Amino acid sequence: MTKQGLATLLDATAELLDKTPEFLLYDESDMEEEAYYGFDEEEKAFEISRDDDATWVLSGEKLMKLFNMTNFDRDESVMKFARQLRGMGVDEALRARGAKDGDLVRIGKFEFEFVD
């Protein structure tokens, strides 16, 4: 097809679209109530407290869910868990609260050393 032929075809198509009445793809009365799939800020992903023995204690629903899904027998799983904690801001929050390199951190009955 030549350039002029293509231009003529495009002009004819545009003219036809201008003449065509608008039609709905669906009837709004058929639509059910609206659903919202946005992001609602939820409660904090974790909480930090200090035990009597000076151990940092991490808790929270999201943190415990990640903890319970982690296979601590596999190094890859442990490293992934550590990255997830870092991504949630746990490392930064512990530093802000005064945690130092070598401090003990507890999640449930699991304890590990904080590495700065």
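Because the structure is predicted, anything quoted here is derived from the model rather than measured.

Moving on: unusual backbone geometry. Backbone geometry at Ala 54 places phi at a positive 70 degrees, although glycine is not the residue there. Secondary-structure assignment places Ala 54 in the loop between β1 (47–50) and β2 (56–59).

With that out of the way, let us pick up the packing of aromatic side chains. Evaluated as defined, the whole model comprises six aromatic pairs. Taking the centre distance of 5.1 Å and the plane angle of 45 degrees together, the rings of Phe 67 and Phe 72 count as tilted. Looking at Phe 72, the relative accessible area reads 28%, which means it is partly exposed. Judged by centre distance (5.6 Å) and plane angle (75 degrees), the ring pair of Phe 72 and Phe 81 falls under edge-to-face. Taking relative accessible area as the criterion, Phe 81 reaches 4% and is therefore assigned buried.

Attention now goes to the pairing of strand β3 (residues 104–107). In the sheet, β2 pairs with β3 via three bridges, with the strands oriented parallel. Residue pairing across strands places Trp 56 opposite Val 105, the latter belonging to β3. Direction of pairing for β3 relative to strand β4 (residues 110–113): antiparallel, over a ladder of four bridges. Opposite Ile 107, over in β4, you have Phe 110 as the bridge partner. Turn length for the β3-β4 hairpin, with the two strands adjacent in sequence and antiparallel, is two residues, and the turn residue Gly 108 shows positive phi of about 65 degrees.

What counts and how
Residues numbered from 1 in each chain as written. Predicted model: local features only at pLDDT ≥ 70, side-chain atom pairs only at ≥ 80, totals over all residues. Heavy atoms only, no water. Helix = DSSP H or I, 4+ residues; strand = E, 2+ residues; numbered from the N terminus. Phe/Tyr/Trp six-rings, centres within 6.5 Å; stacked < 30°, edge-to-face > 60°. Buried < 20%, exposed > 50% of the residue type's maximum accessible area, 1.4 Å probe, protein only. Pairing = 2+ DSSP bridges.

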